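The chain contents come next:
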Amino acid sequence: MRAQLRPALVILVALTFVTGVAYPLLVTGVAQAVFPSQAQGSLITKDGKLVGSALIGQSFDDPKYFWGRPSATSPFPYNAASSSGSNLSPTNPDLVKSVQARVEALRAADPGNTAPVPVDLVTASGSGLDPHISPAAALYQVSRVAKARKLDPERVVQLVAQHTEGRWLGLLGEPRVNVLALNLALDGK
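What this report covers is the structure whose coordinates are included nearby.

Rules of the game
Residues numbered from 1 in each chain as written. Predicted model: local features only at pLDDT ≥ 70, side-chain atom pairs only at ≥ 80, totals over all residues. Heavy atoms only, no water. Helix = DSSP H or I, 4+ residues; strand = E, 2+ residues; numbered from the N terminus. Polar contact = N/O pair within 3.5 Å; in protein donor to acceptor, adjacent residues only side chain to side chain. Contact = heavy atoms within 4.5 Å. Phe/Tyr/Trp six-rings, centres within 6.5 Å; stacked < 30°, edge-to-face > 60°. Buried < 20%, exposed > 50% of the residue type's maximum accessible area, 1.4 Å probe, protein only. Lys NZ or Arg CZ within 6 Å of the ring centre and 35° of its normal. Salt bridge = Lys/Arg side-chain N within 4 Å of Asp/Glu carboxyl O. Core = buried A, V, L, I, M, F, W, Y, C linked by side-chain atoms within 4.5 Å. 1 Å grid on protein atoms, 1.4 Å probe; cavity = no way out; pocket = protein on both sides within 12 Å on 5 of 7 lines; lining within 4 Å. Points joined across faces, edges and corners; volume = space filled by probe spheres on them. Nonpolar A, V, L, I, M, F, W, Y, C, P; charged D, E, K, R; others polar. Pairing = 2+ DSSP bridges.

### Side note on the side chain of Ser71
(1) Moving on: Mapped onto the elements, Ser71 comes out in the loop between strand E2 (49-53) and helix H3 (93-109).
(2) Moving on: At 2.9 Å, the side chain of Ser71 forms a polar contact with the backbone nitrogen of Tyr78.
(3) Moving on: Of note is the side chain of Ser71, whose polar atom sits 2.6 Å from the backbone oxygen of Gly128.
(4) Moving on: Ignoring any residue separated from it by four or fewer positions in sequence, one finds Ser71 in contact with Pro77, Tyr78, Ala124 and Gly128.

Encoded structure:
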């Protein structure tokens, strides 16, 4: 037994060092060198002040801003320490009620808008932290935002187009709009 214990302890210490110290330091160093912005959390600053991250959504409820996807995190929306979805099935009555309430809130915020409500404006993402909405969800909100800011709707549509990101490498993912970046651009107008 003693003959087996010593090699086992040596391997435990060696693998702990390799997988717990050396590998994480190597990966962190490479990430900092090759992708410094992403390794730091893709932070967005405005006038030298940190305003958010391009990777984590934020709660906007003022009519003059574009609204993101609902967040299912707790105890508050977009809580990065509590990333989670609602885990409610599509047939769950609680999910149906919350979606209906979100549709009603969107309709009340822009009563003249009779377009179908895009699904990503009324359902939370799997993480509850999604910073993006679909171009359709952004375009759905143009009339409300333009009216609240007293802007020409066509100018707001142009901003949405300018902030629409395409598929990665032209193949993967879906076109999307980063809500924080779009709202910052609106504030700059």
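### Description of the packing of aromatic side chains
(1) Moving on: Tallied over the entire structure, the rule returns one aromatic pair.
(2) Moving on: Aromatic side chains Phe60 and Tyr65 sit 5.4 Å apart centroid to centroid with 40° between the ring planes, which places their arrangement in the tilted category. For the pair Phe60 and Tyr65, a shared accessibility class is recorded, and that class is buried.
(3) Moving on: The ring of Trp67 carries the charged tip of Arg144 above its face, separated from the ring centre by 3.7 Å.

### Re the pattern of salt bridges
(1) Moving on: Following the criterion strictly, the structure yields five salt bridges and no others.
(2) Moving on: Arg69 serves as the salt-bridge partner of Asp130, at 3.8 Å between the closest nitrogen and oxygen. A residue pair is termed long-range when its members are at least 10 positions apart, and Asp130 in the loop between H3 and strand E3 (132-133) and Arg69 in the loop between E2 and H3 qualify at 61 residues.
(3) Moving on: Assessed through its relative accessible area of 17%, Arg69 is described here as buried.
(4) Moving on: A salt bridge links Arg167 to Glu174, with the nearest nitrogen and oxygen atoms 3.4 Å apart.
(5) Moving on: Here Arg167 falls in the partly exposed class, since its relative accessible area comes to 37%.

### Comments concerning the nonpolar core
Here is a general trend for soluble globular proteins: nonpolar side chains tend to be buried in one another's company.
(1) Moving on: Phe66, Leu106, Leu121, Ile133 and Val160 are the most contacted members of the largest nonpolar core, which has 26 residues in total.
(2) Moving on: Within the residue set of this core, elements represented by two or more residues are helix H4 (135-140), helix H5 (142-149), helix H6 (153-162) and helix H7 (179-187).
(3) Moving on: Looking at this core, the element that brings in the most residues is H7, giving six residues.

### Observations concerning unusual backbone geometry
(1) Moving on: Not every positive phi belongs to a glycine, and Ser42 is a case in point at roughly 50°.
(2) Moving on: Even without being a glycine, Tyr78 presents a positive backbone phi close to 60°.
(3) Moving on: Structurally, the position occupied by Tyr78 is in the loop between E2 and H3.

### Some words on the layout of surface pockets
(1) Moving on: Of the pockets and cavities examined, the largest pocket occupies roughly 290 Å³.
(2) Moving on: Lining the largest pocket are 15 residues, with Phe60, Trp67, Gly68, Arg69 and Pro70 sitting closest to its centre.
(3) Moving on: Among the residues making up the lining of the largest pocket, the classes are represented as eight nonpolar, four polar and three charged.
(4) Moving on: Empty space within the second largest pocket amounts to approximately 160 Å³.
(5) Moving on: Considering the residues around the second largest pocket, the lining is formed by Ser71, Ala72, Ser86, Leu88, Leu95, Ser98, Arg102, Val122, Thr123 and Ala124.
(6) Moving on: In terms of residue class, the lining of the second largest pocket is built from five nonpolar, four polar and one charged.

### As for the sheet that holds strand E5 (residues 176-178)
(1) Moving on: Taken in spatial order, the three strands make up an open sheet running E3-E5-E4, and their pairing is antiparallel. A single partner strand is all that each edge strand has here, and the edge strands are E3 and strand E4 (164-165).
(2) Moving on: Across two bridges, E3 lies against E5 in antiparallel orientation. For Ile133, the partnering residue across the bridge sits in E5 and is Val177.

### Section: the pairing of E2
(1) Moving on: In terms of strand pairing, strand E1 (residues 43-46) meets E2 through four bridges, oriented antiparallel. In the sheet register, Thr45 faces E2, and the bridge partner there is Leu50.
(2) Moving on: Once E1 ends, the chain turns through two residues before running back antiparallel as E2, passing Asp47 with a positive phi of about 55°.

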